[in-house]
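So you can see what is in the structure, the chains are spelled out below.
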Amino acid sequence: MISVEEHRATVTELLGTRPAAELPLADCAGLVLAKDVHASVSLPPFDNSAMDGYAVRSVDVAEATEDSPVELPVREDIPAGRTDVPVLLPGTAHRIMTGAPLPQGADSIVMVERTDAGAERVRIFTSTAPGSHIRRTGEDVGVGMVALSAGTVLGPAQLGLASAVGMDRLAVHVPPRVLVVSTGTELVLPPQELRHGQIYESNSVMLVAGLRALGCRVESVRSVADDVDQFRAAIEPRLADADLVVTSGGVSAGAYEVVKDALTGAGVRFAKIAMQPGGPQGYGRWNGVPVVTLPGNPVSVLVSFEAFLRPAVLTSLGHTGVDRQHVRARLTETLESPKGRRQFRRGYYTHSAGQVTGLVGPRGGPGSHLLAAFTQANCLIVLPEDVTEAPEGSEVDVLLL
Ligand code: AMP
Ligand code: MG
């Protein structure tokens, strides 16, 4: 049997590193920057007012107080966006709005609240220190500096900065186009009525949601019968448009293992991983396209996604630190685990103020069909390969989802 780490490394290597390309900013959210961004302008690009108020020379209002205001003629109105800003002459004021360029000759801004807000003449009730309420050119970013470095995850703030320094496209690791395939003659799609022996398909829904959340572009084939010819006919024509194929079902030890039967000898290898659930796994290339084949039970799919696909896809997109947060927690009940396999149990973790370690209890049993229990879990309890019983009160490793 292959260890969880070994298979994770195999899948990570199979997916490799996604090529970089320039995408419009709006398509870059959540992706990783592939090249440094140098600022083509300073931020701010020019000295400007931080307040709505009046641009003045501080010496002209040095004597101003609440009781004895200084009155100045207002010579210009400078809203934000005005590009032809006249010089401020001594003994005068310019009315100015937040973000408008500071006129030459002015050395400070008096906020409108400390004046009578006059339009022709203004009475100013306070003195100002030179430089007050002025945002200086380049105090946020200097022109030519690295505004964002390669490897940065592009969230709202990073994308905003990219636009602020003049970028409309960014070089990012482009998400893969993933084809998700559910196999099983028993699978039916809602709202079609179920006949006895049939079930509603759920794996593709989970994989599509999980992969999209990582940034992948995903399409799915939601119900392929357990028939090798039908499987090949449904998927082979679509391989050219996929960077990755993820299948579920048809890889274990039964008699109708369609994925195994179709892909053995076609570049995909099947193996047993020392874990529960999610033991039977496959990986390889089909017509050159990376393929990861997951077992069919829904909980196995979700655990396989966590253990293998999620870290591999994130790594391929240039993310680092792709592991979920691990914590130690005390078990609220005794759990059993098969010898020689790492067990991932669905759990609920709580950590209240004052507790040294948190508490964790299972949600549902070990059965890999218990999907409803997974929806009530917020973590996976990890029981190592050599553990067969983890007693109530003992500390275990918990992966926070
Ligand atoms: P298999 O690995 O194909 O033998 O499937 C194992 C179990 O998972 C069986 O009970 C299947 O009915 C179930 N299963 C397989 N694929 C799906 C799917 N896409 N949605 C829901 N259940 C599935
Ligand atoms: Mg099946």
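Preceding block: the structure.
None of the values given here were measured: they were computed from a predicted structure. (Residues numbered from 1 in each chain as written. Chains lettered and ligands numbered in written order. Predicted model: local features only at pLDDT ≥ 70, side-chain atom pairs only at ≥ 80, totals over all residues. Heavy atoms only, no water.)

(A) Summary view of the overall build of the protein. Looking only at helices and strands, the protein features 7 helices and 27 strands. Its C-alpha radius of gyration of 31 Å places the protein more than 25% over the 21 Å reference for a compact globule of 401 residues. Overall, the protein is about 95 × 55 × 40 Å in size when its C-alpha atoms are taken along their principal axes. Residues classed as buried in the protein amount to 47% of the 401 residues present. Contacts in the protein between residues far apart in sequence, at least 24 positions, make up 70% of those at least 6 positions apart. Summed over its atoms, the accessible surface of the protein is roughly 18700 Å², and 51% of this surface lies on carbon and sulfur atoms. Where the 34 positive side-chain charges of the protein centre and where its 45 negative ones centre are 4 Å apart. (Helix = DSSP H or I, 4+ residues; strand = E, 2+ residues; numbered from the N terminus. Rg over C-alpha atoms; globule rule 2.2 N^0.38 Å. Buried < 20%, exposed > 50% of the residue type's maximum accessible area, 1.4 Å probe, protein only. Contact = heavy atoms within 4.5 Å. Areas by Shrake-Rupley, 256 points an atom, 1.4 Å probe, with all protein chains shown as cover. Lys, Arg positive; Asp, Glu negative; His and termini not counted. Charge placed at Lys NZ, Arg CZ, Asp CG, Glu CD.)

(B) Up close: the site of ligand 1. Around ligand 1 lies a shell of 14 residues, among which Glu186, Glu201, Ser202, Asn203 and Gly250 are the nearest. A distance of 2.9 Å separates a nitrogen atom of ligand 1 from a polar side-chain atom of Glu201. Taking Gly250, its main chain carries an N or O atom lying 2.9 Å from an oxygen atom of ligand 1. For ligand 1, whose free accessible area comes to 490 Å², the fraction covered by protein is 76%. Of all the secondary structure elements, the ones that give two or more residues to the shell around ligand 1 are strand E12 (177–183) and strand E14 (199–200). In the shell around ligand 1, the residues fall into 4 nonpolar, 8 polar and 2 charged. (Near = heavy atom within 4 Å. Polar contact = N/O pair within 3.5 Å; in protein donor to acceptor, adjacent residues only side chain to side chain. Nonpolar A, V, L, I, M, F, W, Y, C, P; charged D, E, K, R; others polar.)

(C) A look at the packing of helix H3 (residues 203–213) against helix H6 (residues 298–316). Direction vectors running N to C along H3 and H6 enclose 25°, while the axes themselves pass 11 Å from each other. As judged from the angle between their axes, H3 and H6 are roughly parallel. Of the two elements, H3 crosses H6, and the hand of that crossing is right-handed. Side by side, H3 and H6 meet where Asn203, Met206, Leu207, Gly210 and Leu211 of the first sit next to Pro298, Val301, Leu302, Phe305, Leu309 and Val313 of the second. (Axes fitted to C-alpha atoms, helices over the stretch in contact; angles between N-to-C directions. Parallel < 35°, antiparallel > 145°, perpendicular 65-115°, else oblique. Left-handed = near helix turned anticlockwise from the far one by under 90°.)

(D) Representation of the state of the cysteines within the structure. Per the counting criterion, the structure on display carries 0 disulfides. Cys28 provides the cysteine sulfur closest to Cys216, a residue in no disulfide bond, and the two sulfurs are 15 Å apart. What makes Cys216 buried here is its relative accessible area of 5%. (Disulfide = S-S within 2.5 Å.)

(E) Here's a closer look at the sheet that holds strand E7 (residues 108–111). Taken together, the 5 strands give an open sheet; going across it, the order is E7-E4-E6-E5-E8, and neighbouring strands pair in mixed fashion. A strand with exactly one partner marks an edge of an open sheet, and here the two such strands are E7 and strand E8 (121–124). Neighbouring strand axes in the sheet, compared pairwise and without regard to direction, differ in orientation by 40° on average. (Pairing = 2+ DSSP bridges.)

(F) Region of interest: the packing of aromatic side chains. Tallying each qualifying case throughout the model produces 1 aromatic pair. Both rings, one in Phe231 and one in Trp286, keep their centres 5.7 Å apart while their planes meet at 5°; by these two values the pair is stacked. Linking Phe231 in helix H4 (residues 228–235) with Trp286 in strand E19 (residues 280–286), this pair joins segments that are 55 residues apart in sequence. Of the two residues, Phe231 and Trp286, both sit in the buried class. (Phe/Tyr/Trp six-rings, centres within 6.5 Å; stacked < 30°, edge-to-face > 60°.)

(G) Seen up close, unusual backbone geometry. The omega torsion across Pro190 and Pro191 is 10°, close enough to zero to call that bond cis. Position of Pro191 among the secondary structure elements: in the loop between strand E13 (187–188) and E14. A positive phi angle is found at Ala117, which is not glycine, with a value near 65°. In this model, His133 sits at a positive phi of 60°, which is unusual for a non-glycine residue. Residue placement: His133 occurs in the loop between E8 and strand E9 (134–135). Exposure remark for His133: the relative accessible area of 29% places this residue in the partly exposed category.

(H) Local environment of the pairing of strand E16 (residues 244–248). Taken across its 5 residues, E16 has 5 buried, putting it largely inside the fold. Because side chains alternate across E16, one face comprises the buried residues Leu244, Val246 and Ser248, and the other comprises Val245 and Thr247, equally buried.

(I) Structural view of the side chain of Arg310. Among the structural elements, Arg310 can be located in helix H6. No salt bridge is formed by the buried Arg310; its nearest oppositely charged neighbour, Glu306, is found at 4.6 Å. Here Val322 takes part through its backbone oxygen, which lies 3.0 Å from a polar atom of the side chain of Arg310. Beyond its immediate chain neighbours, meaning those up to four positions away, Arg310 contacts Leu214, Phe305, Val322 and Arg324. (Salt bridge = Lys/Arg side-chain N within 4 Å of Asp/Glu carboxyl O.)

(J) A look at the environment of Ala329. Along the polypeptide, Ala329 turns up in strand E21 (residues 326–331). With 160 residues separating them in the primary sequence, Ala329 and Arg169 have C-alpha atoms 45 Å apart. Discounting residues that sit within four places of it in the chain, Ala329 has contacts with Tyr349, Gly358, Leu359, Val360, Ser394, Glu395, Val396 and Val398.

(K) Molecular detail of helix H2 (residues 156–164). Every buried residue of H2 is accounted for by Leu159, Leu161 and Ala162. Across the axial projection of H2, the buried residues extend over an arc of 160°, all falling on one side. Among the exposed residues of H2, those oriented more than 90 degrees off its buried face are Pro156 and Ala157. Immediately downstream of H2, the backbone of Gly166 shows phi near 100°, a positive value. (Arc of directions from axis to C-beta.)

(L) Representation of the pattern of salt bridges. Evaluated as defined, the whole model comprises 17 salt bridges. A salt bridge links Arg342 to Glu5; the shortest N-O distance between them is 2.8 Å. On the criterion of sequence distance, the pair formed by Arg342 in strand E23 (residues 342–350) and Glu5 in helix H1 (residues 4–15) is long-range, its members being 337 residues apart. Across the pair Arg82 and Glu76 runs a salt bridge, and its minimum N-O distance is 3.0 Å.

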